[in-house]
Amino acid sequence: MAYGRAADTDGNATVKRINFLLRLAVGGVFVYAGAMKILHPQLFAHEIDQYGLLPHAGINLLAITLPWVELAAGLVLVLGVWVRAGALVVTGLSIVFLLAIISVLARGLKIKCGCFGTVGESFIGPWNLVLDILLLAAAVWICRGAKEEK
Amino acid sequence: MRRTIQRALIIVVAGAALGLLANKVSPRAIPYITPPKPKAAASDTITLEEATQLWQTGPAFFIDARPPAQYAAGHIANAFNVPAEDFATHYRAVAPMLTPDSQIVAYCDGMDCELSHQLAGKLRELGYKNVRILINGWTSWRTAGLPTQTGTQP
């Protein structure tokens, strides 16, 4: 029994370490993505427009608000407060991004992702899909693993 | 779970509110409602004489819409390079220097070159009001003996 308990504790420690690293990684990605877009709102609006998914009049409003939501969700994950809620927001955002990427690939559009500003980025391809699915999986993992804070 | 959802909503609403506030005070603020796309008209072109005058006297920005290799081989002196085919990447480098009222002259090469039109269209979409196209820009500028440069963008 004692061995079993010790093994459990070791397992928990490993899971905790993984949770911690994932939290920093996913939070960091969202902080970076948000910050890069905040620096160039006009360019981000242009990129949202390229997706052709939103009514024209609403594009700027999304370009103004979305980067700050990403930044806020990323920050709570990095700081370790409201982790579950932050992971839930990241899950939601990743699902929306996933649908947008799939729609771009399905239509065969040659556009930039706009995910992290645009320095050196190539056109949207399967790689964007993979990265987004990884983020989504990590966010779901964090959300399930984190305890509800008081 | 209910508490998590409540907090997630707070993150979203607070983030969005911060964004709206930041856009009020930011020097890079954009209109909350996207302005309609402007249409290009024939008057959006500029003659070589006017362009020369702008180049010599005014704070006009000349922007070369051709690919970097052609730009490096020779371009209008002091012109920037924003290849129309890779607009987003190169636009970032010049964006901090431009204001919506900046005088901008876009050019490429040849009477039928589409790149300057594409570039001008994108710049107008981004809200720049004074964008004009110098048709057959590189050839007419060079053959008129006006100042040119070679090399990549500084």
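Given the structure is predicted, the values throughout are model-derived calculations rather than measurements.

Visitor: Before we go on, may I ask you to explain the overall build of chain A in this structure?
Guide: Looking only at helices and strands, chain A has five helices and zero strands in total. Listing every helix and strand of chain A by position from the N terminus yields α-α-α-α-α. Long-range contacts, defined as pairs at least 24 residues apart, comprise 69% of the intrachain contacts of chain A with a sequence gap of at least 6.

Visitor: Could you clarify how one ought to interpret the interface of chain B and chain A in this entry?
Guide: Often, the extent of an interface is quoted as the loss of accessible area on bringing the components together. Listed as interface residues are 28 residues of chain B and, on the opposing side, 33 residues of chain A. Those elements that place two or more of their residues in the side of chain B that touches chain A are helix H1 (2-25) and helix H4 (87-94) of chain B. At 14 residues, the largest contribution of residues to the side of chain B that touches chain A is made by H1 of chain B. In terms of residue class, the side of chain B that touches chain A is built from 16 nonpolar, seven polar and five charged.

Visitor: Explain the confidence of the model for chain A here, please?
Guide: Predicted coordinates in areas of low pLDDT are best not read in detail. All names here are of chain A. Residue-level pLDDT values for chain A average 88, and 89% of them are 70 or greater. Of all secondary-structure elements in chain A, the lowest mean pLDDT belongs to helix H1 (residues 2-39), at 82, while helix H3 (residues 59-79) reaches the highest, 97. Note that pLDDT drops below 50 for residues 1-6; the model gives that stretch zero contacts with residues more than four away or on any other chain.

Visitor: Just checking my understanding: could you explain the pairing of strand E1 (residues 61-64) of chain B for this structure?
Guide: The side chains of a regular strand alternate between the sheet's two faces. Residues and elements named next belong to chain B. Residues Phe61 and Ile63 line one face of E1 and the alternating positions Phe62 and Asp64 line the opposite face, and both faces are buried. The sheet contact formed by E1 and strand E4 (residues 103-107) spans four bridges and is parallel. Looking at the pairing, Phe61 lines up with Ile104 of E4. In the sheet, E1 pairs with strand E3 (residues 80-81) via two bridges, with the strands oriented parallel. Bridge pairing in E3 links Asp64 to Asn81.

Visitor: Explain helix H5 (residues 126-145) of chain A here, please?
Guide: Side chains three or four residues apart in an α-helix point the same way, a direct result of the helix having 3.6 residues per turn. Residue and element names in this part refer to chain A. The terminal C-alpha atoms of H5, which comprises 20 residues, lie 29 Å apart, in line with the 28 Å expected from a rise of 1.5 Å per residue. Turning to H5, its buried residues are Asn128, Asp132, Leu135, Ala138, Ala139 and Ile142. End-on, the buried residues of H5 take up no more than an arc of 125°, which puts them together on one face. Across from the buried face of H5, at angles greater than 90 degrees, the exposed residues are Pro126, Val130 and Arg144.

Visitor: Just to check I follow, could you spell out the pairing of strand E5 (residues 130-134) of chain B for this structure?
Guide: Most of E5 of chain B sits out of view: four of its five residues are buried. Regarding topology, helix H5 (residues 115-125) of chain B serves as the crossover connection from E4 of chain B to the parallel E5 of chain B, and that connection is right-handed.

Visitor: Help me understand unusual backbone geometry, please; the structure alone is not making it clear to me.
Guide: In terms of backbone geometry, most residues other than glycine have negative phi values and most peptide bonds are trans. At Trp82 of chain A, a position not held by glycine, the phi torsion is positive, near 50°. With respect to the helices, strands and loops of the structure, Trp82 of chain A is situated in the loop between H3 and helix H4 (83-107). Even without being a glycine, Asn136 of chain B presents a positive backbone phi close to 55°. For Asn136 of chain B, the position within the fold is in the loop between E5 and helix H6 (137-143). Judged by C-beta crowding, with 17 C-beta atoms within 10 Å, Asn136 of chain B ranks as partly exposed.

Cut-offs and rules
Every residue gets a number counted from 1 within its own chain, in the order that chain's sequence is written. Labels follow written order: the first chain is A, the first ligand is 1, and so on. Reporting of local features is limited, given that this is a predicted model, to residues whose pLDDT is at least 70; pairs of side-chain atoms are given and counted only at 80 or more, and all residues count toward the totals for whole chains, interfaces and linings. To qualify as a helix, a DSSP run of H or I must reach at least 4 residues; to qualify as a strand, a run of E must reach at least 2; elements of each kind are numbered from the N terminus. Placing a C-beta atom from the backbone of each residue, one calls two residues in contact when those atoms lie within 7 Å. Classes in brief: Ala, Val, Leu, Ile, Met, Phe, Trp, Tyr, Cys and Pro nonpolar; Asp, Glu, Lys and Arg charged; the others, Gly included, polar. Values of pLDDT, which run from 0 to 100, indicate the predictor's confidence residue by residue. Buried means a residue has 20 or more other C-beta atoms within 10 Å of its own C-beta, exposed means 12 or fewer, and partly exposed covers the counts in between; C-beta atoms are placed from the backbone. A pair of strands is treated as paired once DSSP finds two or more bridges between them. The length a helix should cover is 1.5 Å for every residue beyond the first. Here the arc refers to the directions that run from the helix axis out to each C-beta atom. Classification remark: right-handed applies to a crossover when, strands pointing away from the viewer, the course from the first strand over the helix to the second runs clockwise.

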